[in-house]
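Letter by letter, the chains look like this.
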2 protein chains.
Amino acid sequence: MEKDKLLMPVPKEVSFTGEKFRLDPSFMMRTAGKSSRLNSYATRIYRSLSDRTGLFFLQDNVSDSDTLTNAKMTIRFDRTGELKVNENEAYELKAGKEGVTLTAKTDIGAMRGLETFLQLVSADKDGYYIPGVMIKDEPRFTWRGLMLDVCRHWMPLDVVIRNIDAMAMMKMNVLHLHLSEDQGFRVESKVYPKLHEMGSDGNYFTQDQIKYIVKYAAERGIRVYPEFDVPGHSVAWLVGYPELGSRPGPYKIERRWGIRDEALDPTKEFTYEFLGNLFKEMAALFPDDYFHIGGDEVTGKDWDKNPDIQKFMKEKGIKDNHELQAHFNLRILDILTKLNKKMVGWDEIFQPVMPKDIVIHSWRGIKSLVEASQKGYYCILSNGYYIDLIQPASFHYLNDPIPADTKLTPAEQKYILGGEATMWSELVTPENVDSRIWPRTAAIAERLWSPGSVKDVDDMYRRLEYISFRLEERGVKHIKNYEMMLRRLAGGRDIAPVKMLVDLLEPMKIYTRHRDGVTYLSISPYTRAADAARPDQKIPREFMKAVEKYKSDGNFTHLEPWMAMFELWGDNHAAFTDLAEVSPVLREVVPHSENLKKISEMMLEYLGLLQNNGKPSKELLENLKKTCESAKKTYGQAELMIVPAVLKLIE
Amino acid sequence: MEKDKLLMPVPKEVSFTGEKFRLDPSFMMRTAGKSSRLNSYATRIYRSLSDRTGLFFLQDNVSDSDTLTNAKMTIRFDRTGELKVNENEAYELKAGKEGVTLTAKTDIGAMRGLETFLQLVSADKDGYYIPGVMIKDEPRFTWRGLMLDVCRHWMPLDVVIRNIDAMAMMKMNVLHLHLSEDQGFRVESKVYPKLHEMGSDGNYFTQDQIKYIVKYAAERGIRVYPEFDVPGHSVAWLVGYPELGSRPGPYKIERRWGIRDEALDPTKEFTYEFLGNLFKEMAALFPDDYFHIGGDEVTGKDWDKNPDIQKFMKEKGIKDNHELQAHFNLRILDILTKLNKKMVGWDEIFQPVMPKDIVIHSWRGIKSLVEASQKGYYCILSNGYYIDLIQPASFHYLNDPIPADTKLTPAEQKYILGGEATMWSELVTPENVDSRIWPRTAAIAERLWSPGSVKDVDDMYRRLEYISFRLEERGVKHIKNYEMMLRRLAGGRDIAPVKMLVDLLEPMKIYTRHRDGVTYLSISPYTRAADAARPDQKIPREFMKAVEKYKSDGNFTHLEPWMAMFELWGDNHAAFTDLAEVSPVLREVVPHSENLKKISEMMLEYLGLLQNNGKPSKELLENLKKTCESAKKTYGQAELMIVPAVLKLIE
């Protein structure tokens, strides 16, 4: 394994010298400068290195202690970094035969460099070493975020914490917590306690937990900012405070998914008094400069039906609901400005009346990003980074906030701060959310950190597979929960037959899963084959790759290894049906297993002919095509992912 | 799979009727009586059932609502249970074609019954069902505990929480938290904040977290009581408060394992003032009736060296350190009595001067348990339940607090309240602690719940394997973290070769691992093969079983299936050494792999001869024996577990 090719995100400049710095139990690290969070960070990296190598390092904690003059790795920095946009995160890492030096302007830059250092660890016949290297690195974008929806499905503290750890590993620096929704208000309010008491089913972060999250992230150089989505997406608020609503209550916590008509009443002074007090309380919990007010998907229907609101609009000369929301947003802006917060909102808030110091969060298309930056608004991109939609990592990876062919001037480009991977949680639970976030978000992290010229998809996938395992080492559950979910599906029996099938399935993509005849509620089970199945499955992707190679050069060796796979897949059906016999939850995907068997048998015949330069009969081709077309059908809200490659091969 | 034989712990009375109650999406549950914690408990069981079956149950929450008259399962109870010794935990569960009824005296009994209900879920060609059954059940012992040492290695909140969940599943009802040690003081004290600030490396439970743990456990019918180990095992206290010590400070947090000479000074009034204030604070955090003061392993050496202490002893006529500790214990008893707490201590505190209302926690041998109960002291057993010592489940399972041949009178037996599985944490981290606790503790749980006549080891193992997977479903990480640790050992490569070997390894047992030439500190890596390897490995156990069967009836069919295994094991060596080549952390167990290969090759020859009624040559037998004897050697603090069975076979 060439470790020099396993760095992710790819640094700006790297050159390997061929030297080796040997690791042994005497290895020590020291910092030069006072930063207790950097000392803790370095101690964690040091212990990871010990855990990974099994070397019994004897140093207790990394520090700037004078007793550490024998340390073979020194970490220098000039000042404590601030958790602000455009803070310096650059670092230089030099490793030679004698040791390692990491230099940065800020302790945050040093943290980024420590992650690169850990990725460098290599081994040969003499043991573990750090390869000699010169790295100069800094991020391309200053805003490299993950949005986590902890509302639609509740995501408890440990989900947040392990994702912060993973973000740090991928040099991401913003955690956006989506904290209120129709399905739940997820943070304790002491000012308006009925928000969490009546609007969360008991599932919310205490204020102590929020402080813990903010501190935990800050110690890793990660900003945390909240989103309170107003005036729509607010049913959970109205359960405890129906007087905020645009129609009379009572309201109850929403169990269904989708866009609702409920909205705060933007015409009552009480609404602004309430939001003023609440946001003051929340602003104190989240020290970040930014505050997200959502602002998306307001249908306006509850406004249309309310005579008082209609009267208000007439009196104020407000023409339509868009203008009414702009009126609302300006009042909120006033509240946030007094709290010294900058407003962020989904691109619906991008309206001419808004001042230039808001941030537009583009989700509906890159168009709003371009327009906003041209008009001098700061903006961040999430369109193309919706990881809940089960698209492949390659799709997100190539989604550049500033593509090479951009028409934006350099001055305009400066308004594009970066982007955020966006994890909406309709169809995920704490059990499988990791597999929807990781490893694909690592590809987004690289897009936002590395130079725009780094965009070789194959190379990204090669590194992503390795990083995926390192993410697990850091605490992410995307790998280990997969087999656990399969064990439940198999009722504790051998998972081999179910794994063989589910490795080839992906959940339905974009929003189609909601339109497949099943009504998902927040209380539904999310434990079926489609929920265990991971996005961007490796085996179908690699089979497609083999087909593409074969189609381009006609060399059968690309396809040859897959013959054994088709044999296994064909044979799997009997074992799978036996298992489904005793584990009824699997029965909904038996048709996939059956189609896989049929396709496999025909493919074996087809590939056998190709191998021997034979020509498949028209009948075989037609049968194969027909079976593939019918195998495109979804079962159990999952798709059989080898079908497109088979169709491509025979077309 | 015969579900009727998968219940664990085995109920007191069970009879199956042959009827089936069908589960479908319309299934609803209701309670009759007010207990919000029971409603929540039942809701969790209901959702588990939905998750397991994939059935889209539509009921929002289980409750005693009038709208639930169509519910097919009713849960009745007379009163809210108290978290007290000897509380009623009995229940009756009846399932017939038309539905399920669960009846109990207390809501805690109903919780125990709900766990049995969930274990009953079965499937046939028509889907999921609950088999018709009549169960009458109650526990044999009232104290069925798990002690968790969160000190030697810090065990954060999520470790505690998932173990509470697992305990509830196994009908256990006491969590004993060992909260202070030489290596750490693990709970926030507002009265003496230097305890946690200076004595924990920042790793401690906040008081809010303790309240959360206590509440979380109470909602599952589980008591939580604390242990503050005094006067020994107290180095971490002395870091912040050296004035409590028996010699002048400064002290620092201990990184080594073993028994230390440091101890609180039992002659200073300050010590009792301090403990009085601290225990008052802690007693308020833990509402349980009991309070554990440790009291074990006081060497007395720091007392011997202190002239003031010697003078005090002379003045008071205290003859030796045992008497001095008894003096100390009586003072502590006085403090606890005023706080309305009953004292629990390790069996060192069992001294004639102590009054009868203390509880003796037997750890050094069952002798103290017998003596204590004969003298009218209440007592609990942990000797034989030391799960950190890597002994097989069968050993713990057959360790009965009141064996069938007991000499104790029924009146004396009443003083034996039960027992606790004891998880000391020198050699475990949050990553592998689950695999040391579970599933073996389920065998202990059954010992303490089920009738003493339930003691078929083979049947226990059969059920344990199934329960092990259900424990994972409940959140325990003993299965999934195993492969994760193997992935780290393999550096992200295919784990097959390392799994094949490590499946046959166990860490060294009892206290031998500390005497194998390696000095383990709290900061050492616990990520090596011996740390991934699980206790009581299934494959070597089953091979031993096959050998025993063959030895008893001479039927070769018991051994025949193992020939394929020896073939695989022999072949594995090449792959394993290739992997160790690139992953140096594995090199320490290469000799095990090599021995496995040698033994496998000879075993194939040997078994081939047996199969064909041939006679192994003397040379082969001697070689095999010699190789086995040398393969008994430990490498990487791990043992190759198939060796004893091979030796048994050829002897």
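Conventions we followed
- Residues numbered from 1 in each chain as written.
- Chains lettered and ligands numbered in written order.
- Predicted model: local features only at pLDDT ≥ 70, side-chain atom pairs only at ≥ 80, totals over all residues.
- Heavy atoms only, no water.
- Helix = DSSP H or I, 4+ residues; strand = E, 2+ residues; numbered from the N terminus.
- Rg over C-alpha atoms; globule rule 2.2 N^0.38 Å.
- Buried < 20%, exposed > 50% of the residue type's maximum accessible area, 1.4 Å probe, protein only.
- Contact = heavy atoms within 4.5 Å.
- pLDDT = per-residue confidence, 0-100.
- Least-squares fit on C-alpha atoms with pLDDT ≥ 70 in both.
- Salt bridge = Lys/Arg side-chain N within 4 Å of Asp/Glu carboxyl O.
- Buried area = accessible area lost by both parts, 1.4 Å probe.
- Polar contact = N/O pair within 3.5 Å; in protein donor to acceptor, adjacent residues only side chain to side chain.
- Domains from an automatic or database assignment.
- Pairing = 2+ DSSP bridges.
- Right-handed = clockwise from strand over helix to strand, strands pointing away.
- Phe/Tyr/Trp six-rings, centres within 6.5 Å; stacked < 30°, edge-to-face > 60°.
- Lys NZ or Arg CZ within 6 Å of the ring centre and 35° of its normal.
- Core = buried A, V, L, I, M, F, W, Y, C linked by side-chain atoms within 4.5 Å.
- 1 Å grid on protein atoms, 1.4 Å probe; cavity = no way out; pocket = protein on both sides within 12 Å on 5 of 7 lines; lining within 4 Å.
- Points joined across faces, edges and corners; volume = space filled by probe spheres on them.
- Nonpolar A, V, L, I, M, F, W, Y, C, P; charged D, E, K, R; others polar.
- Axes fitted to C-alpha atoms, helices over the stretch in contact; angles between N-to-C directions.
- Parallel < 35°, antiparallel > 145°, perpendicular 65-115°, else oblique.
- Left-handed = near helix turned anticlockwise from the far one by under 90°.

### Considerations on the overall build of chain A
Phase 1 of the analysis: Check the secondary structure of chain A and you find 24 helices and 19 strands.
Phase 2 of the analysis: For chain A, whose C-alpha radius of gyration is 27 Å, the value lies close to the compact-globule estimate of 26 Å for 651 residues.
Phase 3 of the analysis: Dimensions along the principal axes, computed over C-alpha positions, put chain A at roughly 85 × 70 × 50 Å.
Phase 4 of the analysis: Looking at chain A as a whole, 63% of its 651 residues are labelled buried.
Phase 5 of the analysis: Sequence-distant contacts, at least 24 apart, represent 75% of the contacts inside chain A between residues at least 6 apart.

### As for the environment of Glu 115 of chain A
All names here are of chain A.
Phase 1 of the analysis: By secondary structure assignment, the location of Glu 115 is in helix H2 (residues 107-120).
Phase 2 of the analysis: Glu 115 gets classed as buried once you look at its relative accessible area, which sits at 2%.
Phase 3 of the analysis: Sequence separation between Glu 115 and Asn 340 is 225 residues; the distance between their C-alpha atoms is 33 Å.
Phase 4 of the analysis: Beyond its immediate chain neighbours, meaning those up to four positions away, Glu 115 contacts Tyr 41, Ile 45, Ala 168, Met 169, Lys 171 and Arg 474.

### Here we look at the confidence of the model for chain A
The predicted coordinates of low-pLDDT regions are not to be read in fine detail.
Phase 1 of the analysis: Counting all residues, the mean pLDDT for chain A is 96, and 99% of those residues have values of 70 or more.
Phase 2 of the analysis: For this predicted complex, the interface score ipTM comes out at 0.95, while the overall pTM is 0.97.

### Section: unusual backbone geometry
Phase 1 of the analysis: Each neighbour pair has its own omega, and for Met 8 of chain A with Pro 9 of chain A the value is -5 degrees, a cis peptide bond.
Phase 2 of the analysis: Tracing the chain through its elements places Pro 9 of chain A in the segment before strand E1 (13-22).
Phase 3 of the analysis: The omega angle of the peptide bond from Gly 249 of chain B to Pro 250 of chain B is -5 degrees, so this bond is cis rather than trans.
Phase 4 of the analysis: Relative to the assigned elements, Pro 250 of chain B resides in the loop between helix H6 (235-240) and helix H7 (269-285).
Phase 5 of the analysis: Residue Asn 340 of chain A is not a glycine yet carries a positive backbone phi of 65 degrees.

### With respect to the relation of the copies chain B and chain A
Phase 1 of the analysis: Between chain B and chain A, which share one sequence, the superposing operator has a rotation angle of 180 degrees and an axial displacement of 0.0 Å; the RMSD is 0.0 Å. Each copy turns onto its partner about a two-fold axis. Taking C-alpha positions as the reference, the residue of chain B nearest the rotation axis is Lys 480 of chain B, at 2.7 Å.

### Regarding the pattern of salt bridges
Phase 1 of the analysis: Applying the stated criterion across every chain, the model contains 104 salt bridges over all chains.
Phase 2 of the analysis: Put simply, Arg 260 of chain A and Glu 262 of chain A hold a salt bridge, and the shortest N to O gap is 3.7 Å.
Phase 3 of the analysis: Between Asp 458 of chain B and Lys 545 of chain B there is a salt bridge, and its shortest N-O distance comes to 3.1 Å. On the criterion of sequence distance, the pair formed by Asp 458 of chain B in helix H16 (residues 457-473) and Lys 545 of chain B in helix H20 (residues 538-553) is long-range, its members being 87 residues apart.
Phase 4 of the analysis: Here the salt bridges share partners, and the residues they tie into one network are Arg 247, Glu 254, Arg 256, Arg 260, Glu 262 and Asp 302 of chain A.

### Some thoughts on the interface of chain B and chain A
Phase 1 of the analysis: Across the contact, 54 residues belong to chain B and 54 residues belong to chain A.
Phase 2 of the analysis: With both sides pooled, the region where chain B packs onto chain A buries about 4100 Å², and carbon together with sulfur makes up 56% of that total.
Phase 3 of the analysis: Of all residues in chain B, Phe 56, Arg 488 and Ile 523 of chain B bury the most surface against chain A, accounting for 16% of the area lost on that side.
Phase 4 of the analysis: Put simply, chain B and chain A have four salt bridges between them.
Phase 5 of the analysis: Measuring nitrogen to oxygen at the nearest pair gives 2.6 Å for the salt bridge that ties Arg 487 of chain B to Glu 472 of chain A.
Phase 6 of the analysis: On the surface where chain B and chain A come into contact, there are 16 residue pairs in polar contact (both at pLDDT 80 or more).
Phase 7 of the analysis: Ranked by the residues each element gives to the side of chain B that touches chain A, the list is headed by helix H17 (residues 480-489) of chain B, at six residues.

### Some details on the domain arrangement of chain A
Residues and elements named next belong to chain A.
Phase 1 of the analysis: Examined at the domain level, chain A breaks down into domain 1 (3-137), domain 2 (143-476) and domain 3 (481-650).
Phase 2 of the analysis: For domain 2 and domain 3, the distance between their C-alpha centroids amounts to 36 Å.
Phase 3 of the analysis: Taking both partners together, domain 2 and domain 3 bury about 2100 Å²; carbon and sulfur atoms supply 57% of that area.
Phase 4 of the analysis: Among the residues domain 2 hides against domain 3, the three largest losses belong to Ile 390, Leu 427 and Glu 431. Together they make up 31% of the total.

### Brief notes about the pairing of strand E15 (residues 359-362) of chain B
All names here are of chain B.
Phase 1 of the analysis: Where burial is concerned, the two faces of E15 agree: the one with Val 359 and His 361 and the one with Ile 360 and Ser 362 are both buried.
Phase 2 of the analysis: Judged from the three bridges that link them, strand E14 (residues 342-346) and E15 form a sheet pairing that is parallel. Looking at E15, one finds that Trp 346 is bridged to His 361.
Phase 3 of the analysis: In this region the chain leaves E15, passes through helix H11 (residues 366-374) and returns to the parallel neighbour strand E16 (residues 378-381); the handedness of that crossover is right-handed.

### Thoughts on the packing of aromatic side chains
Phase 1 of the analysis: Tallied over the entire structure, the rule returns 62 aromatic pairs over all chains.
Phase 2 of the analysis: Ring geometry for Trp 346 of chain B versus Trp 424 of chain B: centroids 5.5 Å apart, planes at 45 degrees, classification tilted. With Trp 346 of chain B in strand E14 and Trp 424 of chain B in the loop between strand E17 (416-423) and helix H14 (433-437), the pair connects residues that are 78 residues apart, well separated along the chain.
Phase 3 of the analysis: The rings of Phe 21, Phe 27, Tyr 46, Phe 57 and Phe 117 of chain A are connected pair by pair, giving a single aromatic cluster.
Phase 4 of the analysis: Of note, Arg 220 of chain A hangs over the ring of Tyr 216 of chain A, and the distance from its end group to the ring centre comes to 3.5 Å.
Phase 5 of the analysis: In this arrangement the basic side chain of Arg 447 of chain B is found over the ring face of Tyr 397 of chain B, its NZ or CZ atom lying 4.6 Å from the centre.

### Examining the nonpolar core
Residues and elements named next belong to chain B.
Phase 1 of the analysis: Counting residues in hydrophobic clusters, the biggest one holds 189 residues, and the most contacted among them are Met 29, Trp 237 and Phe 279.
Phase 2 of the analysis: Considering each element in turn, this core owes the most residues, nine residues, to helix H3 (residues 157-169).
Phase 3 of the analysis: Those residues within four positions of Phe 279 in sequence are excluded, and the remaining contacts are Phe 228, Trp 237, Phe 291, Ile 293, Ile 332, Ile 335, Leu 336 and Leu 339.

### So, empty space enclosed by the protein
Residue and element names in this part refer to chain B.
Phase 1 of the analysis: What the rule picks out here adds up to six cavities of 30 Å³ or more.
Phase 2 of the analysis: The volume enclosed by the largest cavity comes to roughly 150 Å³.
Phase 3 of the analysis: Along its surface, the largest cavity is lined by 16 residues, and Asp 388, Leu 389, Ile 390, Glu 426 and Leu 427 are the ones closest to its centre.
Phase 4 of the analysis: Across the lining of the largest cavity, the residue classes break down as ten nonpolar, two polar and four charged.
Phase 5 of the analysis: There are two domains that each give the lining of the largest cavity at least three residues, and those are domain 2 (143-476) and domain 3 (481-650).

### Brief notes about the packing of helix H23 (residues 618-631) of chain A against helix H24 (residues 643-650) of chain A
Residue and element names in this part refer to chain A.
Phase 1 of the analysis: Look at H23 against H24: their axes get within 10 Å of each other, and the N-to-C directions meet at 150 degrees. Comparing their axes, H24 and H23 come out roughly antiparallel. Crossing hand, H23 versus H24: left-handed. For the pair H23 and H24, contact is made by Leu 621, Leu 624, Lys 625, Cys 628, Glu 629 and Ala 631 and by Val 643, Val 646, Leu 647 and Ile 650, respectively.
Phase 2 of the analysis: Of the residues belonging to the contact of H23 with H24, the class tally is eight nonpolar, no polar and two charged.

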